[in-house]
Amino acid sequence: MTETRYDVLAIGNAIVDVMASAEDDFLARHAMTKGGMMLIDADQATNIYADMGKAQEISGGSAANTLAGLAELGARCAFIGQVANDQLGEIFAHDIRAAGVDFTTPAREGEPPTARCLILVTPDGQRTMNTFLGASQFLPSNTLDEDLITSADILYLEGYLWDPEEPRNAMLKAIDIARAADRKVAFTMSDAFVIDRYRDDFQALLDAGKIDILFANEVEIKSLTQIDDFDEAVAKVAPQVPTLAVTRGPDGAVAMHQGEYASVRAQPIEKVVDTTGAGDLFAAGFLKGMVDGRPVSQCLTMGAIAAAEIISHFGARSEARLSELVAEQLPKN
C-alpha cells in the first residue's frame, strides 16, 4: 500500500447546527419525534426557527463532527461536503478548518442555502433534530478528487447523505475509488429512518464486501436486520463486515473485529446535558484507536471516552482535550 496523507477522509453533510433548549410541548406542537431526526423543507425550517428560543450556531454534520474529534485526538483528516456561498457556509468552512480538518470543496453559488439542523434539547438531555439539507444535497460525482480519496487510509461515509440522489452517487463512486486503491471504507448508518428507506442498498453494500467498518446504534442494527433481539441482530450482521461497532447509549457499546468480541460500559458522567453528536464522537474515538493499531477493546474505550465528553455539554464539538482524556485512561500505544 502506498503512503497516505490522511488517516481519515469523510464525505458528509456540511451543516450548521442551530441549538436551543425546549420543553416537550414544543416538540409536540411541531409534530416532532423526541430523540429522532426528520428532514424538513425551507418553509418548515423558517417556522421552527421562528418559534425557537435563544439559540447557538455551531458547525455540525455527523461526519464533520467525527473528523473534528479525530483531529482533536491527533489524526490527519480531510472532509468533502457541499456548502453554499453564504454566511452559514463561511461559518462551516471556518470552523472545520479551525478544528484541524482540511476542507477544499468549492462553495456552491445560488440557491439553496447552506444546510442547517435545528436541534431542540429537552431537560433530560435528549436532542431532537430537524434538518434542512439545503446545498449539502448537491454534491456531484464529477467534483470528487480521486487523488484526495486515495490519499486517505480510511474513507468514512455518513448515512444521512445517502438520502439525496446526487451525493449518494458520489459516495458510491468514492467507494469504488477507495477500494481500487486498497483503502478501507467505513460507514455510519446515522438513523433508523435512513435504513428504513435504503435497507436494500445498505445490505447490498455489505453483501458485496464494500464496507470494512460499520457503525450503528442499537435501534439502527435492529432496523437493518429487522430483528428485535439485540444480540441476535449483532450476530447476524457481524459475519458480513470485518469490523462492527454498535453503541447502546447508557449501556455502553459492543464490537466485533475479525471474529473478536469486545464490550465496554458507558463512561460515568455527572449529568447528561445534550446527546447531540454522541455517536459521532464515539466513531471518532473508535477510528483513532484503529488508526493507531490498538486492540478492539481499547478502540471501544476511546469511543466511550469521547462520547462521554460530548454529552456533558451543549454541541457536538469537544470542549475538553480528548487526547488528554484518553491518555489519562489508556496506556500509550
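All values reported here derive from a predicted model rather than from experimental measurement. Along each chain, the written sequence defines residue order, and numbers are assigned to residues from 1. Reporting in this predicted model follows two pLDDT cut-offs: at least 70 for local features of residues, and 80 or more for side-chain atom pairs to be given and counted; totals over whole chains, interfaces and linings ignore these cut-offs and use all residues. With hydrogens and water stripped out, all remaining heavy atoms of the structure feed into the side-chain values.

Visitor: So what about the nonpolar core? Which residues, and what values?
Guide: Counting residues in each nonpolar core, the largest one holds 56 residues, and the members touching the most others are Ile11, Phe202, Leu214 and Leu244. Under the DSSP-based scheme used, a helix requires at least four consecutive residues in state H or I and a strand at least two consecutive residues in state E, with every element numbered from the N terminus. Here this core takes seven residues from helix H7 (residues 192-207), the largest share from any one element. Core analysis: the next-biggest nonpolar cluster, separate from the first, contains 49 residues, Val8, Ala283, Ala307 and Ile311 among them. Buried residues of nine kinds, namely Ala, Val, Leu, Ile, Met, Phe, Trp, Tyr and Cys, make up a nonpolar core once their side-chain atoms join them within 4.5 Å. Think of it in three bands: residues with accessible area under 20% of the maximum for their type are buried, residues over 50% are exposed, and the middle band is partly exposed, with areas taken using a 1.4 Å probe on protein chains only.

Visitor: Account for the pairing of strand S12 (residues 243-247), with residues named and values stated.
Guide: Counting buried positions along S12 gives five out of five residues, so the element sits mostly inside the fold. What you see with S12 is no split at all: Thr243, Ala245 and Thr247 on one side and Leu244 and Val246 on the other are buried throughout. Sheet topology note: the strand S11 (residues 213-217)/S12 ladder contains five bridges and is parallel. In the sheet register, Ile213 faces S12, and the bridge partner there is Thr243. For two strands to pair, DSSP has to find at least two bridges joining them. Here S12 pairs with strand S13 (residues 253-257) via five bridges, running antiparallel. Note on S13: the bridge partner recorded for Thr247 is Ala253. Here S12 hands over to S13 after five residues, with Gly249 in that stretch at a positive phi of 60°.

Visitor: Tell me about the pairing of S11, and name the residues and values.
Guide: It is a general feature of regular strands that their side chains alternate between the two faces of the sheet. Most of S11 is tucked away: four of the five residues are buried. Taken together, the three bridges between strand S10 (residues 184-188) and S11 define a ladder with parallel strand orientation. Bridge pairing links Thr188 to Phe215 in S11.

Visitor: Go over the packing of helix H10 (residues 278-291) against helix H11 (residues 296-310), please, and point to the residues and values.
Guide: Axes here mean lines fitted to C-alpha atoms, for a helix over just the part in contact, with angles spanning 0 to 180 degrees between N-to-C directions. Between H10 and H11, the shortest axis-to-axis distance is 7 Å and the interhelical angle comes to 145°. Judged by the twist between their axes, the crossing of H10 over H11 is right-handed. Judged by residue contacts, Ala278, Leu281, Phe282, Gly285, Phe286, Lys288, Gly289 and Met290 of H10 engage Val296, Cys299, Leu300, Met302, Gly303, Ala304, Ala306, Ala307 and Ile310 from H11. The nonpolar class holds Ala, Val, Leu, Ile, Met, Phe, Trp, Tyr, Cys and Pro. Asp, Glu, Lys and Arg form the charged class, and all remaining residues, Gly among them, are polar. Of the residues that constitute the contact of H10 with H11, the class distribution is 13 nonpolar, three polar and one charged. If you view the pair so one helix is near and one far, a crossing is left-handed when the near helix is turned anticlockwise from the far one by less than a right angle, and right-handed when it is turned clockwise. Two residues form a contact once any of their heavy atoms are found within 4.5 Å.

Visitor: Which residues make up the sheet that holds strand S4 (residues 56-60), and what are the values?
Guide: Judged by pairing direction, the sheet is mixed, and its five strands sit side by side in the order S3-S8-S7-S2-S4 without closing on themselves. The open sheet terminates on both sides in strands that have one partner only, identified here as strand S3 (37-39) and S4. Pairwise comparison of adjacent strand axes, ignoring direction, gives a mean angle of 25° for this sheet. Here strand S2 (residues 15-21) runs beside S4; their pairing, made up of five bridges, is antiparallel.

Visitor: Mind laying out the layout of surface pockets, listing which residues take part and the relevant values?
Guide: The way it works is a 1 Å grid over only the protein atoms, where trapped points that fit a 1.4 Å probe form a cavity and open points with protein on both sides within 12 Å along at least five of seven lines form a pocket, and then any residue with an atom within 4 Å of a point lines it. Grid points are joined across faces, edges and corners, and a volume is the space filled by probe spheres set on the points. Quantified by volume, the second largest pocket comes out at close to 180 Å³. In this structure, the second largest pocket is lined by Val18, Ala45, Tyr49, Glu57, Gln87, Leu88, Arg116 and Leu118. Those elements that place two or more of their residues in the lining of the second largest pocket are helix H2 (42-51), helix H4 (87-98) and strand S7 (115-121). Class assignment for the residues of the lining of the second largest pocket results in five nonpolar, one polar and two charged.

Everything listed here is a matter of coordinates, which is why it stays silent on function.
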